[in-house]
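Close look at the chain arrangement
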Amino acid sequence: MKKIKLDIVGLSYSQTQSGAYALVLGEVSGRRRLPIIIGSFEAQAIAIEIEKMTPSRPLTHDLFKSLGQAFNITVQEIIIYNLVDGIFYSKLICSDGKKTIEIDARTSDAIAVSVRFECPIYTYEFILSTAGIVIEGNDFVYLENISETPEEKTHATAAGTYTSLSEDELKTRLQQALAEEQYEKAAKIRDELNKRKSS
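Residues numbered from 1 in each chain as written. Predicted model: local features only at pLDDT ≥ 70, side-chain atom pairs only at ≥ 80, totals over all residues. Heavy atoms only, no water.

Examining the nonpolar core
In this structure, Leu25, Leu34, Ile38, Val75, Ile80 and Leu92 are the most contacted members of the largest nonpolar core, which totals 33 residues. Leave out the neighbours within four places in its chain, and Leu25 touches Leu6, Asp7, Ile8, Val9, Arg32, Arg33, Leu34, Ile36, Ile80, Ile111 and Ile121. Listed in part, the six residues of the second largest apolar core include Tyr162, Leu165, Leu170 and Ile189. (Core = buried A, V, L, I, M, F, W, Y, C linked by side-chain atoms within 4.5 Å. Buried < 20%, exposed > 50% of the residue type's maximum accessible area, 1.4 Å probe, protein only. Contact = heavy atoms within 4.5 Å.)

So, in structure tokens, the structure goes:
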């Protein structure tokens, strides 16, 4: 079967499932999108790597990468190979340079590993035609800050954000949040710093 390459084009709080996130993969040479509901831990693991944030201690997926590198194992690609009753099935294609092995994985974990190994993500036509959606124009091409639930957004608006702090205070708080593994808070502070840089 011909493989279709996908990229991560969206990650946001799920409007349909409480406590879950929507990961959206996009067809590289087309307009179809593949939305996948994932857990908050995996969403954070993906976002932290995409945003190049450094946690104070390695996350599970970082540990997997370190272990692979220690034994000269690379992840060559991720394949989302099946869809049964709304559940996506994926596998990691790993190699030590001599032999290639396929390892079964949850799709959310496979994607979190793929961003760390910078390897491509693929699926098959029957999965895209079954679960994919076609996007008109440039809609849905975003990477939203996933660290806030709707309740947290409301609370942040009511309590005020980090706008009143100096840049040095923000940097100090960012380091504290990372040291305490408070990645949601770190993401908010990082966003405020980025906003100031761009203005």
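We are not done yet, so read on.
Structural notes on the packing of helix H2 (residues 60-70) against helix H3 (residues 107-117)
The interhelical angle for the contact between H2 and H3, taken along N-to-C directions, is 55 degrees, at an axis separation of 9 Å. With respect to H3, the element H2 is oriented oblique. Crossing geometry of H2 relative to H3 is assigned as right-handed. Taken together, the residues of H3 that come into contact with H2 (itself represented by His61, Asp62, Phe64 and Lys65) are Asp109, Ala112, Val113, Arg116 and Phe117. A breakdown of the residues in the contact of H2 with H3 according to their chemical character gives four nonpolar, one polar and four charged. (Axes fitted to C-alpha atoms, helices over the stretch in contact; angles between N-to-C directions. Helix = DSSP H or I, 4+ residues; strand = E, 2+ residues; numbered from the N terminus. Parallel < 35°, antiparallel > 145°, perpendicular 65-115°, else oblique. Left-handed = near helix turned anticlockwise from the far one by under 90°. Nonpolar A, V, L, I, M, F, W, Y, C, P; charged D, E, K, R; others polar.)

Section: the sheet that holds strand S3 (residues 32-39)
Judged by pairing direction, the sheet is mixed, and its eight strands sit side by side in the order S6-S5-S4-S7-S1-S2-S3-S8 without closing on themselves. Pairing within the sheet leaves two strands with one partner each, and these edge strands are strand S6 (100-106) and strand S8 (133-134). Sheet analysis places S3 next to S8, joined by two bridges and oriented antiparallel. Counted as the bridge partner of Arg33 is Ile133 from S8. Against the sheet, helix H1 (residues 40-50) touches strand S1 (3-13), strand S2 (20-27), S3 and S6, its axis set at about 120 degrees to S3. (Pairing = 2+ DSSP bridges.)

Quick word on the pattern of salt bridges
Between side chains of opposite charge, pairing is possible as soon as their charged atoms come close. For the coordinates displayed, the defined rule picks out nine salt bridges. The shortest N-O distance in the salt bridge between Arg106 and Asp109 comes to 2.9 Å. Its salt-bridge partner being Lys171, residue Glu167 comes within 3.4 Å of it at the nearest N-O pair. Residue Glu167 and its partner Lys171 are both found in helix H6 (residues 167-179); the two are separated by four residues, about one turn of the helix. Judged by relative accessible area, Lys171 falls into the partly exposed class, the value being 41%. Overlapping salt bridges, with partners in common, bring together Glu27, Arg32 and Glu125 in one network. (Salt bridge = Lys/Arg side-chain N within 4 Å of Asp/Glu carboxyl O.)

A short note on the packing of aromatic side chains
Counted under the stated rule, the structure contains three aromatic pairs. Ring geometry for Tyr81 and Tyr89: centres 6.5 Å apart, planes at 55 degrees, overall tilted. Residue Tyr81 is classed as partly exposed on the basis of its relative accessible area of 26%. For Tyr89, a relative accessible area of 32% corresponds to the partly exposed category. Each ring, one from Tyr124 and one from Phe126, has its centre 6.5 Å from the other, and the planes form 10 degrees; the classification is stacked. Across the ring face of Tyr122, the terminal group of Lys3 is positioned such that the distance to the ring centre comes to 4.7 Å. Over the ring of Tyr81 we find Lys91; its NZ or CZ atom is 4.9 Å from the centre of that ring. (Phe/Tyr/Trp six-rings, centres within 6.5 Å; stacked < 30°, edge-to-face > 60°. Lys NZ or Arg CZ within 6 Å of the ring centre and 35° of its normal.)

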